Amino acid sequence: MVVSQTVFSSSGRSSSDDFSAAFWQLWEQYRDELYRCCIKWIGGNPTDAEDALSRAMLKAWEKVQQYAGKITNFKAWLTTLTHNLCVDIHRERSRGANRVEDIEIYASGEEQGLVAFEDTPESDDC
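All values reported here derive from a predicted model rather than from experimental measurement. (Residues numbered from 1 in each chain as written. Predicted model: local features only at pLDDT ≥ 70, side-chain atom pairs only at ≥ 80, totals over all residues. Heavy atoms only, no water.)

## Some words on the pattern of salt bridges
Evaluated as defined, the whole model comprises seven salt bridges. Here Arg31 makes a salt bridge to Asp32, at a shortest N to O gap of 3.9 Å. Given the relative accessible area of 48%, Asp32 is considered partly exposed. One salt bridge in this structure joins Lys75 and Glu33, with 3.4 Å as the shortest N-O distance. Taken together, the residues Lys75 in helix α4 (residues 74-112) and Glu33 in helix α2 (residues 16-42) connect sequence positions 42 residues apart. Members of the salt-bridge network, linked through shared partners, are Asp48, Asp51, Arg55, Glu92 and Arg93. (Salt bridge = Lys/Arg side-chain N within 4 Å of Asp/Glu carboxyl O. Buried < 20%, exposed > 50% of the residue type's maximum accessible area, 1.4 Å probe, protein only. Helix = DSSP H or I, 4+ residues; strand = E, 2+ residues; numbered from the N terminus.)

## Re the environment of Lys40
Mapped onto the elements, Lys40 comes out in helix α2. A residue is classified by how much of its surface remains accessible, and Lys40, at 61% relative accessible area, is exposed. The spacing of Lys40 and Cys86 is 46 residues in sequence and 9.6 Å in space, taken between C-alpha atoms.

## Structural notes on the packing of aromatic side chains
Throughout the structure, instances matching the rule amount to seven aromatic pairs. Aromatic side chains Tyr30 and Phe74 sit 6.3 Å apart centroid to centroid with 35 degrees between the ring planes, which places their arrangement in the tilted category. Within this pair, whereas Tyr30 is found in helix α2, its partner Phe74 is found in helix α4, the two being separated by 44 residues in sequence. Using a relative accessible area of 1% as the deciding quantity, one classes Phe74 as buried. Through a chain of ring-to-ring contacts, three or more aromatic side chains come together here, namely Phe19, Phe23, Trp24, Tyr30, Trp61, Phe74 and Trp77. (Phe/Tyr/Trp six-rings, centres within 6.5 Å; stacked < 30°, edge-to-face > 60°.)

By themselves, these figures tell us nothing about what the structure is for.
Right under this line is the structure:
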């Protein structure tokens, strides 16, 4: 069953149950296509794509309630929201990877500053 997108572009809602049902039916209609897009945007990792899709679903549900009267093309809106979220996730993970590299550089620098064997109490000739 194809649900009309006019539920989201009209200023008044007939009921919150109708609104909720319309959202979830449209989500189901576009979910597989969005998943394929997530795989492409996230870099081919299916687990990361599933994570991105789950986050997109939650964010879309939150935002659609807030902006329902302003959404004229639900599929385009949902695709853009999902794409932006995938970009954000990619950036988060890139920054996290850089932090790990920075820690490794820091740790290797600290190793040089360790106490030399000659300076340990065991080497003291008292």
